[in-house]
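Spelled out from the first residue to the last, the chains are:
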Amino acid sequence: QVQLVESGGGLVQPGGSLRLSCTASGIQFSIYTMEWYRQAPGNQRELVATIRSGGSTNYADSVKGRFTISRDNAKNMVYLQMNSLKPEDTAVYSCNARHPVAGLGDYWGKGTLVTVSS
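Residues numbered from 1 in each chain as written. Predicted model: local features only at pLDDT ≥ 70, side-chain atom pairs only at ≥ 80, totals over all residues. Heavy atoms only, no water.

(A) Seen up close, the side chain of Asp-89. For Asp-89, the location among the structural elements is in the loop between strand E8 (77-82) and strand E9 (91-98). In this structure Asp-89 comes out as buried when scored by relative accessible area, which is 1%. Of the polar contacts made by the side chain of Asp-89, one reaches the side chain of Arg-66; its length is 2.7 Å. With residues near it in sequence (within four places) discarded, Asp-89 still touches Arg-38, Arg-66, Phe-67, Ser-84, Val-114 and Val-116. (Helix = DSSP H or I, 4+ residues; strand = E, 2+ residues; numbered from the N terminus. Buried < 20%, exposed > 50% of the residue type's maximum accessible area, 1.4 Å probe, protein only. Polar contact = N/O pair within 3.5 Å; in protein donor to acceptor, adjacent residues only side chain to side chain. Contact = heavy atoms within 4.5 Å.)

And the structure:
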């Protein structure tokens, strides 16, 4: 049974930092592309950051220079370090695991809420 469990969300003031974690089980984690998405109320889900099995990364323009995605294959975990947070970063953040071969696996966690407010 595949499970993705996010943690680390919460309330933070503008300019602050948070680190989100996602723990995966039931998959061969090291071969999967891992991604963080977010969805704010009334908005469509947005891809925030991607890290591939080889370690290459991509970021949405809105978070470049502020967010860093990383992974620890020994622990089956992916992280999202978020710095210089803004109120517009408020959203539910979810992690996604995508098998490198289309159709062989695409899994989601339930998400963790990040609220940026003074």
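(B) Representation of the pairing of strand E4 (residues 33-39). Of all seven residues in E4, six are buried, a share of seventy percent or more. Direction of pairing for E4 relative to strand E5 (residues 46-51): antiparallel, over a ladder of five bridges. Pairing of Arg-38 across the sheet is with Glu-46, part of E5. Between the antiparallel neighbours E4 and E5 lie six residues, among them Gly-42 with a positive phi of about 80°. (Pairing = 2+ DSSP bridges.)

(C) Region of the structure containing the packing of aromatic side chains. Evaluated as defined, the whole model comprises two aromatic pairs. Seen in terms of ring centroids, Tyr-32 and Tyr-107 are 6.3 Å apart; in terms of plane orientation they differ by 40°. Their pairing is tilted. Here Tyr-107 lies in strand E10 (residues 106-108) and Tyr-32 lies in the loop between strand E3 (18-25) and E4, a separation of 75 residues in the sequence. Of the residues examined, Tyr-107 reaches a relative accessible area of 27% and is grouped as partly exposed. (Phe/Tyr/Trp six-rings, centres within 6.5 Å; stacked < 30°, edge-to-face > 60°.)

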